[in-house]
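Each chain, written out:
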Amino acid sequence: MGKFFAVTIIVIAILSAIPIVRHTWWMAPDISTHGAPIDEQMSETMAEAGISFLASQILLAVFIWVFSNSKPGAKIKTFPGGATAMVLGAFLLVGTEVLALGAFGAKAWGSIYFTPPSANAMPVQVQAGQFAFYFRYPGPDGKFGPIHPNLVSEANQNFFGIDSTNDADAKDDIVTAEVAIPVNREIHLLMHSKDVGHSFFVPELRVHQDFVPGLDLSMHFTATKVGRYEIVCTQLCGLGHYNMKAYLSVMSQEDFDSWLKKQAALQ
Amino acid sequence: MHDTAHTAHQAPASFIRKHVFSLDHKVIGKQYYGLAFVAVLVGMVLSWLMRIHLGWTNYAIPGLHLLSANGAPGNVMTPEYYLQLMTMHATIMVFFVLTTAPFAAFGNYFLPIQVGAEDMPFPRFNMMSFWVTLTAFLALIASFFVSDGPTLGGWTQYVPLSAVGAVGGPGEGAGVVLWATSIAIFCVGQLLGSLNFITTTLDMRTKGLSLWRLPLSTWGWFITSIMGLTAFAVLMPACILLILDHVAGTSFFVPSNTIINDQLQPHTGGSTLLWQHLFWFFGHPEVYIAIVPGMGIVSHVLITNMRRPMLSHRTLVYSFGALAVLSYMVYGHHMFVSGMNPVSSIAFSFPTLIITIPSTIVVLIWLGSLYGAKLRINSASLFSLGFISMFISGGVSGFFLAQPSLDIMLHATYFVVGHFHMVMGVAAMFGIFAGTYFWFPKMYGRMMNETLGKIHFWITFVGAYCIFMPFHYLGLAGNVRRYQAFVVDYMQPLIPVHRFITVAALVTGCAQLIFVYNLFYSRFQGEVAPANPWEATSLEWSTPSSPPPFDNFGGKLPVVYHDPYQYGVEGSNGDYVMQDSPEQIESARDEA
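To start, this report covers the structure provided alongside it. (Residues numbered from 1 in each chain as written. Chains lettered and ligands numbered in written order. Predicted model: local features only at pLDDT ≥ 70, side-chain atom pairs only at ≥ 80, totals over all residues.)

## Quick look at the overall build of chain B
Here is step 1: Counting its secondary structure elements, chain B contains 17 helices and four strands.
Here is step 2: Taking 2.2 N^0.38 as the reference for a compact globule, 592 residues should give roughly 25 Å; the C-alpha atoms of chain B span a radius of gyration of 24 Å, in line with that estimate.
Here is step 3: Taken over 592 residues, chain B has a buried fraction of 64%.
Here is step 4: Once local pairs closer than 6 in sequence are excluded, the contacts in chain B between residues at least 24 apart make up 79%. (Helix = DSSP H or I, 4+ residues; strand = E, 2+ residues; numbered from the N terminus. Rg over C-alpha atoms; globule rule 2.2 N^0.38 Å. Buried ≥ 20, exposed ≤ 12 C-beta atoms within 10 Å, placed from the backbone. Contact = placed C-beta atoms within 7 Å.)

Below you can see the structure in the form of structure tokens.
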């Protein structure tokens, strides 16, 4: 039975690795300028984790195969080097591995989070609420009108609680339920939630950030490929969580300009 | 340390004091096991319902409306009812199974015996810890029966969703209050239990039993109880604050300007991240609270079946300790995309990566000890070896989740679900199974059926991989967790994978009925167990009978002469010498 178990472990380990190696189910292709280090980090981690996984499972299987069939009179043997070899091996191999992963990973993380948005990044505001995202563009004046929480109303379609009658900055603000952005232009996304926790995840864009009620958070990114992508909520926000999504369209500058003009006319 | 027995309490005569309100740690251990047994069956049925719904969203599950007329009109699960069942599945499994069975159940039963004591120092606290835990379970189950059902907020109960009250959605009013009350009460039980475990280990050891002579299972429970003492002590006040936000008009967790259903909520100044910090300061150690007892049990079972001690007893103990200490320094990896300062993410990333070092040492010591062993294959050892395989598989995905840059792609996806199910769910369950097959003869004086045990193992081992390995693939493809249906365009092609998982989950779940049958059949009809069926060395096999008498050692406490695992030696009984045997060993392996 030991041999059968050993074979089972090896078969499971190899079958488990095949979809990973073949990328049967894998991350959507990257369309961001900042995503390359993430993808590279993913591949490196996958290689190191994959080798650790296969090596450990195979070692386990081999030892079970061999030592579940020890002869009755056999003497107990000790692994060459004993526990010291194990501890040193773990510290040297895994220690180096994790420190390298940590350092390169921190670099990838830093390249995204420790670089401020450029001065000409296009600001877009996104508000999350049960169970929809709404977006706001500042209009020609480049300024968002202030938010008045007491004016926020789904019923009146005033999703952001803006007062376009009295606030000069709010007059030209454009509110939409879908978001469009120009390709190859940096976007500075200003995020807030009006109710509970939500999240903003676009796999292709390599962006993922929670909305935290009480905090104004921001992200910046540049999309490099024209297309229509989905924004999904990943923070459990209530019964409609699964259906909280919006489309993000990456357009050429000309298409974007005409789209925004159309949206402005609809306000 | 005690060298003579002095009976702290007499054997009870009445049925109630013997079997219900018992002060005997063995009865309390069995009560905990019974509670975990009921809880795991409930949790498993909930997972079946969830899996069926995820595979075939509009399928009418016969009889489901009986569970909740509102939650399943026409037997089809509503989106909110899916989330409610999911929350209950997770809460029941994490608290009432994975914490209760390997730690409270086996620990209560065997820790005092393995230290050569006749009971714990505070038997009344011990009795109270079980009854408090049972009360917590009943409070949680009660939420099925309140008007809008249990909470839907997930076992993490992120605020402000869980703090705003019924306006947040079904179950977010009374459901959350019951949930938080249940968990706060549960914490009291664990604190009482932990105090007992710590004092028993430190103060009740019998003559000759130095700390280094404790079996690894006892080390597992001892280290876990220290973790429990600190982790549950943080969760309990967090739950109390959450209850106050509901019933006392406080705003610990709800910030100003929260607008739900176009209504400005009557809260100001609360902090969303405060809850996450408090919860995960408990939540991450909790992972180790679930798994370290399993590591101890599996080490104990494996050594007996390898007929040799571990390559290094002390290195394993130090590694368990390192896991416990580091488990408090890594919790922020649950919050990489939470809006926490990105510098903190890096600060939490490194300890998370470093925790793989003691984990690797543990695995390598296990593997290295297998080398040159005389491995006996039985149900207990199979589940122990399966534990190692699962722990490796669940552990390597930790490399990914420790890195904030990769968390961008994997956070809140099925990759995370696969990771924690394998490493703390399945592995811990395998620890429970290994412990059950191994200690059943001691607990009931009868052997479990080996053939049924092996069938149970094979289906469970292969089934668990079929269920949880594909979770990782789904996560890589961006499949978000906690969705009741997959209406997002890019997730729809993943539905066949979900169906495969559902079928695997149903088959694997049904295989657990073999275990249930074996447990009950063997309890009454099993072959009568010899005194030491596994030819083991530790003190639980030195009691005068199986199950042990009320005072464990029949009025005379054992004296310990050896390290816990004297295998591969030339003893008078064979290749082992019991810990309390005064015989001299030629090839002694004493490290202490």
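## Points about the overall build of chain A
Here is step 1: Summing up its helical and strand segments, chain A has four helices and 10 strands in all.
Here is step 2: In chain A, the order of α-helices and β-strands from amino to carboxyl end is α-α-α-β-β-β-β-β-β-β-β-β-β-α.
Here is step 3: Here chain A has a C-alpha radius of gyration of 26 Å; the compact-globule value for 267 residues is 18 Å, and the former is much larger.
Here is step 4: With the C-alpha coordinates of chain A rotated into their principal frame, the extents come out at 95 × 40 × 30 Å.

## Digging into the interface of chain A and chain B
One frequently used descriptor of interface size is the decrease in accessible area upon assembly of the parts.
Here is step 1: If you look at the interface, chain A gives 89 residues, while chain B gives 88 residues.
Here is step 2: Listing elements by their share of the side of chain A that touches chain B, those giving two or more residues are α1 (2-21), α2 (36-67), α3 (82-113), β7 (207-211) and β9 (227-232) of chain A.
Here is step 3: With 17 residues, α3(A) is the largest single contributor of residues to the side of chain A that touches chain B.
Here is step 4: Here the side of chain A that touches chain B is composed, by residue class, of 50 nonpolar, 30 polar and nine charged. (Nonpolar A, V, L, I, M, F, W, Y, C, P; charged D, E, K, R; others polar.)

## Regarding the packing of helix α7 (residues 216-247) of chain B against helix α8 (residues 272-306) of chain B
All names here are of chain B.
Here is step 1: The geometry of α7 relative to α8 is characterised by a closest axis approach of 8 Å and an angle of 165° between their N-to-C directions. In this view, α7 runs roughly antiparallel relative to α8, as classed from their interaxial angle. Crossing handedness for the pair α7 and α8: left-handed.
Here is step 2: Partitioning the contact of α7 with α8 into residue classes produces 22 nonpolar, seven polar and one charged. (Axes fitted to C-alpha atoms, helices over the stretch in contact; angles between N-to-C directions. Parallel < 35°, antiparallel > 145°, perpendicular 65-115°, else oblique. Left-handed = near helix turned anticlockwise from the far one by under 90°.)

## With respect to the nonpolar core
Here is step 1: Counting residues in each nonpolar core, the largest one holds 276 residues, and the members touching the most others are A:I64, B:A36, B:I365, B:A427 and B:A434.
Here is step 2: Examining the composition of this core, we find that 22 residues originate from one element, helix α4 (residues 79-114) of chain B, more than from any other.
Here is step 3: Of the residues that make up this core, three or more belong to each of domain 1 (2-70 + 81-113) and domain 2 (122-266) of chain A.
Here is step 4: Those residues in contact with A:I64, other than ones at most four positions away along the chain, are A:G2, A:F5, A:A6, B:L370, B:L375 and B:L385. (Core = buried A, V, L, I, M, F, W, Y, C linked by C-beta atoms within 7 Å. Domains from an automatic or database assignment.)

## Section: the environment of A:L101
Here is step 1: You can see A:L101 is positioned in helix α3.
Here is step 2: Separated by 59 residues in the primary sequence, A:L101 and A:M42 have C-alpha atoms spaced 9.9 Å apart.
Here is step 3: Once residues lying within four places of it in the same chain are set aside, the contact partners of A:L101 are A:T45, A:E48, B:L353, B:F399 and B:Q403.

## Focus: unusual backbone geometry
Here is step 1: For the bond running from A:Q130 to A:F131, omega is -5°, close enough to zero to count as cis.
Here is step 2: Among the structural elements, A:F131 can be located in the loop between β1 (122-129) and β2 (132-137).
Here is step 3: For the peptide bond that leads from B:V159 to B:P160, omega is 0°, which places it in the cis range.
Here is step 4: Relative to the elements of secondary structure, B:P160 occurs in the loop between α5 (123-142) and α6 (174-203).
Here is step 5: Residues other than glycine seldom take positive phi values, yet A:Q157 does so here, at roughly 60°.
Here is step 6: Inspection of the secondary structure puts A:Q157 in the loop between β2 and β3 (174-176).
Here is step 7: Residue A:Q157 is classed as exposed on the basis of its C-beta count, with 8 C-beta atoms lying within 10 Å.
Here is step 8: Unlike most non-glycine residues, B:Q157 shows phi in positive territory, near 45°.
Here is step 9: Residue placement: B:Q157 occurs in the loop between α5 and α6.

## Quick word on the sheet that holds β1(A)
Residue and element names in this part refer to chain A.
Here is step 1: Spatial strand order, β3-β2-β1-β5-β8: five strands in an open sheet with mixed pairing. What marks the edges here is a single partner per strand, and that holds for β3 and β8 (217-222). Geometrically, the sheet is characterised by an average inter-axis angle of 25° between neighbouring strands, direction not taken into account. (Pairing = 2+ DSSP bridges.)

## Topic: the environment of B:F122
All names here are of chain B.
Here is step 1: Mapped onto the secondary structure, F122 falls in the loop between α4 and α5.
Here is step 2: Judged by C-beta crowding, with 16 C-beta atoms within 10 Å, F122 ranks as partly exposed.
Here is step 3: Distance in space between the C-alpha atoms of F122 and N305 is 34 Å, their sequence separation being 183 residues.

These values are about where atoms sit, not about what they do.
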